[in-house]
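# Inside the fold
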Amino acid sequence: MTEPVAYSVTDRIAVLRVQNPPVNALSQAVRAGLDAGLARALADDGADAILILGDGRTFIAGADISEFGKPLAAPGLPDVVNRIEAAGKPVVAALHGTALGGGLEVALGAHYRVAVPGAKVGLPEVLLGILPGAGGTQRTPRLTGAEAALDMITTGKHISATEALRIGLIDAIEDGSPEEAGLRFTRRLLVEGAGPRPTRGIAPAPHDPALFDAWRAKVAAKTRGQIAPVTCVDAVEAAFTLPFDAGLKRERELFSGLMASPQREGLIHAFFIERKVGKLPEIAGVTPRDVAWIGVIGGGTMGAGIAAAALLNGLSVTLVEQTEAARGAAHARIAGILGDSVARGKLTEPARDTLLGDRLTCVTEYAALADADLVIEAAFEDMAVKKTIFTALDQHCKPGAILATNTSYLDINEIAAVTARPGDVIGLHFFSPAHVMRLLEVVVAEHTAPEVTATGFALAKRLKKVAVRAGVCDGFIGNRILASYRMAADHMVLEGATPYAIDAAMVDFGFAMGPFAVSDLAGLDIGWATRKRLAPLRHPNDRIAKFADMMCEEGWFGRKTGRGFYDYTDPKRPVPNPQVAAMIDADRAARGITPRAFTAEDIQRRYMAAMINEAAKVVGDGIAARPLDVDVTLLYGYGFPRWRGGPMKYADMRGLPSILADIEAFAQDDPHFWHPAPLLTDLVARGASFDSLNG
Ligand code: TC6
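Predicted model only: the values in this text are computed from it and were never measured.

### As for the layout of surface pockets
Unoccupied space between atoms shows up once a probe the size of one water molecule is rolled over them. When its volume is computed, the second largest pocket comes out at roughly 660 Å³. Contributing to the lining of the second largest pocket are 18 residues, with Glu 274, Arg 275, Gly 278, Lys 461 and Lys 465 lying nearest its centre. Residue assignment for the lining of the second largest pocket shows that the elements contributing at least two residues are α11 (262-276), α17 (450-462) and β17 (466-471). Broken down by element, the lining of the second largest pocket gets its largest block of residues, five residues, from α17. By residue class, the composition of the lining of the second largest pocket is 10 nonpolar, one polar and seven charged.

So this is what it looks like as structure tokens:
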């Protein structure tokens, strides 16, 4: 077995090489290995200096997150870092890949830091609901000053080696492998006679005492509801108000508090499920098909967004529209999105011109798709339209080309049946705007071949998206669950809550926007069309609110028409649309409802109960493979607060019996809507959690 930290000596420099693939996380064995290597180097008469580096693709990507929440096995990282800093021989860290979190803290414990040009560094603990707890909040500001340290620690962002050099976090950038760069730098130190240089010995630079209050206010406004970012400011402040050891103690207290918080548990759940969501037995070991050239049918908002995402990630695109005018409009739409990328510094003007000139073709003929590897249809949501398109695609596309639909709810089995290649047909459900939103539902139809599914996942990765496998049903995973909690919100309005109280309660829960503000943004005409489409399929006891139809009949489609649940006369400061209340009153009166009061907690409980209950049905029906697929869908496509881990994690943390009790209580008044999901009932009976089904 490979040692977690290998020891060797070159040119009187002891090299401690961390070997814990894939990312050299600081597991207990690595911490113990660093301790042992350090002691050996200090006792080694043949070594005058010590060099720490990482084997493989990266330096050290941080503490081993999988150990969090379990009892800590000695040695603790803060002690290891302190011992490195206290070494009587100069210690150098040579950084490559990503030196993150505890990894960067090890480097800060070293006396000097050198990086290879492509290296990145960061303190991303805040994104996991904690803070850099191995001295990072005390040592970083001593090297960089308060502002740069606060920026890194409260955002968790990765910075380049050049930026790290500029702010004083590292001492040099050297070409070559980390070993070459590190040895060259250390040899120079030895020639110069440089000795140990503990970071703790550096006095913090003077600062404006009001700085920390200003940062607390700024960070609190930006990261609403989260405790770690503000706590990070408190910890950095301690570097300026307390002596070093007392600052470390304060950091530890704050760290322990965050470690025990449910937010930490939610965020770490989110970290791991994002990596687990693509690991599915049906595509394990399956080779995806090569995709270099994609076709897109339809150049509206969705089609243009998909085309732009593909172009920005190195694919060639042929877009088919019906008319010359639509073809031109689609090209202009895509050019607009790429122009925004230029404006934001993500793309150079020449690169944009190459994409638009050489990589994008907008046409009106399907024949142009003859050599496309994969075609994504993003046309009007109508089964007849889709069938016509898929019949044409089947005729024009080469054998082996994948035919995908971006439908949000239509039956993909029915679409696939019009082709002679149902195994090549799949749903790729993007979220709008498609070049921004990270979620992609990969909808696997009855005959979809595993390599076609694997290609969907590979394409998502190429487009820097998070793919979730979904089965075929109306709305797949996300929109099916949305329909249910959106219905619960409408019912609450009928019973007495205002849309504005519901929005406020859900923003308070952690969503960026409430459901009615979201509907205004998406366009109320979308919900209107869905209600009309589903009307013939409804059960007579379904309670469908009428107030939204009344609003649509007035031509109020939300933000785009200046009016919806809110009035957008001042688009930056929407206010409740005063005429909506009368429509709601009329709807209630027609049903003989006397409105009652709802507290924010009542609203949150009903909303979450509806979401979790439908999600449990989605898992029980096999539409989502595991509860974690629901969590990823809601986190990446529906603005669910990441620090709550997703609805299934939230349910597990609150306790499934409590969720079931709510559903049963609500069912007393409305047994038609509130049916406990069999899976939920079963888990409660067995005392099990959703997480137990995640594998
Ligand atoms: C900390 O340091 C606190 C310190 C205070 C202590 C007192 N631990 O993302 P990838 C796994 S907090 C355990 O697919 P990439 C990951 O699950 C930590 N496992 O690769 C995956 O496993 P799988 C601060 C980890 O090249 C595999 O490695 N550090 C850890 O796209 C590959 O990961 C961070 O927050 C870990 N720390 O990206 C950094 N990191 O193959 C977190 C990764 O079984 N990590 N794994 O699925 C990252 O941001 C990225 O992994 C990356 C590499 C940029 C390092």
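### A look at the UniProt feature "domain: 3-hydroxyacyl-CoA dehydrogenase C-terminal" (unreviewed entry) in the chain
According to UniProt, the "domain: 3-hydroxyacyl-CoA dehydrogenase C-terminal" (unreviewed entry) feature falls on residues 475-568 and 605-687. Summarising residues 475-568: 59% helix, 2% strand, and an end-to-end C-alpha distance of 29 Å.

### Structural notes on helix α27 (residues 656-669)
Counted at 1.5 Å a residue, the expected span for α27 with its 14 residues is 20 Å, and the 21 Å between its end C-alpha atoms agrees. Residues Leu 656, Ile 659, Leu 660, Asp 662, Ile 663, Phe 666 and Ala 667 constitute the buried set of α27. One side of α27 carries all its buried residues, which in axial view fall inside an arc of 155°. In α27, the exposed residues that point more than 90 degrees away from the buried face are Pro 657, Gln 668 and Asp 669. In this structure, the buried side of α27 is in contact with α24 (600-620), α26 (647-654) and α28 (678-686).

### Things to note about the sheet that holds strand β7 (residues 120-122)
By definition, the strands of a sheet pair up through backbone hydrogen bonds, in either a parallel or an antiparallel sense. The strand order across the open sheet built from three strands is β5-β7-β8, with neighbouring strands paired in mixed fashion. Edge positions in the open sheet fall to β5 (98-100) and β8 (158-160), since each of these has one partner strand only. Adjacent strand axes in the sheet meet at a mean angle of 25° when their direction is disregarded. Bridging between β5 and β7 involves three bridges; their strand directions are parallel. The residue bridging Leu 100 from the neighbouring strand is Gly 122, located in β7. Lying on the sheet, helix α3 (residues 102-109) is in contact with β5 and β7; it crosses β5 at an angle near 85°.

### What about the site of the ligand?
Taken together, 25 residues surround the ligand, and among them Arg 57, Ala 63, Gly 102, Arg 275 and Lys 279 come closest. A distance of 2.8 Å is found between an oxygen atom of the ligand and a side-chain nitrogen or oxygen belonging to Arg 57. Between the ligand and Arg 275 there is a distance of 2.7 Å, counted from an oxygen atom to a side-chain nitrogen or oxygen. With the chains in place, 73% of the 1000 Å² that the ligand exposes on its own is no longer accessible. Elements with a contribution of two residues or more to the shell around the ligand: β5, α3, α10 (244-259) and α11. With three residues, α11 is the single largest residue contributor to the shell around the ligand. When grouped by side-chain class, the residues that make up the shell around the ligand number 13 nonpolar, five polar and seven charged.

### Here we look at the environment of Leu 338
On the secondary structure map, Leu 338 appears in helix α13 (residues 324-343). In this structure the C-alpha to C-alpha distance between Leu 338 and Asp 353, which are 15 residues apart in sequence, comes to 9.3 Å. The contact partners of Leu 338, leaving out residues within four places of it in the chain, are Ala 308, Leu 311, Leu 312, Leu 347, Arg 352, Leu 355 and Leu 356.

### Focus: the domain arrangement of the chain
Much of the literature gives interface size as the accessible area that the parts lose upon coming together. Here the domain parsing of the chain yields domain 1 (5-260), domain 2 (291-470) and domain 3 (478-693). Each of domain 1 and domain 2 has a C-alpha centre, and these two points are 44 Å apart.

### Notes on the packing of α24 against α26
Interaxial distance between α24 and α26 falls to 10 Å at its minimum, and their mutual angle equals 110°. On the basis of the axis angle, α24 is roughly perpendicular to α26. For the pair α24 and α26, the crossing hand works out as left-handed. The segment α24 lies against α26, with Arg 605, Met 608, Met 611, Ile 612, Ala 615, Ala 616 and Val 619 engaging Pro 647, Met 648, Tyr 650, Ala 651 and Arg 654. Its residues assigned to classes, the contact of α24 with α26 shows 10 nonpolar, no polar and two charged.

### Topic: the packing of aromatic side chains
Summed over all chains, the structure comprises 17 aromatic pairs. Summarising the aromatic geometry, the rings of Phe 509 and Tyr 650 are spaced 5.3 Å apart at their centres and angled 75° between planes, so their arrangement reads as edge-to-face. In this pair, Phe 509 is assigned in helix α19 (residues 499-509) and Tyr 650 in helix α26, connecting sequence segments 141 residues apart. With respect to class, Phe 509 is no different from Tyr 650; both count as buried. Relative to Phe 565, the ring of Phe 516 lies with its centre 4.8 Å away and its plane at 65°, an arrangement referred to as edge-to-face. A residue pair is termed long-range when its members are at least 10 positions apart, and Phe 516 in helix α20 (residues 515-522) and Phe 565 in the loop between α22 (547-553) and β18 (566-567) qualify at 49 residues.

### Description of the pairing of strand β10 (residues 293-297)
Among the five residues that make up β10, four are buried, leaving the element largely enclosed by the rest of the structure. By the bridge criterion, five bridges tie β10 to strand β11 (residues 316-320) in an arrangement that is parallel. From the neighbouring strand, Gly 295 faces β11, where its bridge partner is Thr 318. Each parallel crossover has a hand, and the one from β10 via helix α12 (residues 301-312) to β11 is right-handed.

Definitions and cut-offs
Residues numbered from 1 in each chain as written. Predicted model: local features only at pLDDT ≥ 70, side-chain atom pairs only at ≥ 80, totals over all residues. Heavy atoms only, no water. 1 Å grid on protein atoms, 1.4 Å probe; cavity = no way out; pocket = protein on both sides within 12 Å on 5 of 7 lines; lining within 4 Å. Points joined across faces, edges and corners; volume = space filled by probe spheres on them. Helix = DSSP H or I, 4+ residues; strand = E, 2+ residues; numbered from the N terminus. Nonpolar A, V, L, I, M, F, W, Y, C, P; charged D, E, K, R; others polar. UniProt positions renumbered as here; feature names shortened; annotations may be inferred. Expected span 1.5 Å × (residues − 1). Buried < 20%, exposed > 50% of the residue type's maximum accessible area, 1.4 Å probe, protein only. Arc of directions from axis to C-beta. Contact = heavy atoms within 4.5 Å. Pairing = 2+ DSSP bridges. Axes fitted to C-alpha atoms, helices over the stretch in contact; angles between N-to-C directions. Near = heavy atom within 4 Å. Polar contact = N/O pair within 3.5 Å; in protein donor to acceptor, adjacent residues only side chain to side chain. Areas by Shrake-Rupley, 256 points an atom, 1.4 Å probe, with all protein chains shown as cover. Domains from an automatic or database assignment. Parallel < 35°, antiparallel > 145°, perpendicular 65-115°, else oblique. Left-handed = near helix turned anticlockwise from the far one by under 90°. Phe/Tyr/Trp six-rings, centres within 6.5 Å; stacked < 30°, edge-to-face > 60°. Right-handed = clockwise from strand over helix to strand, strands pointing away.

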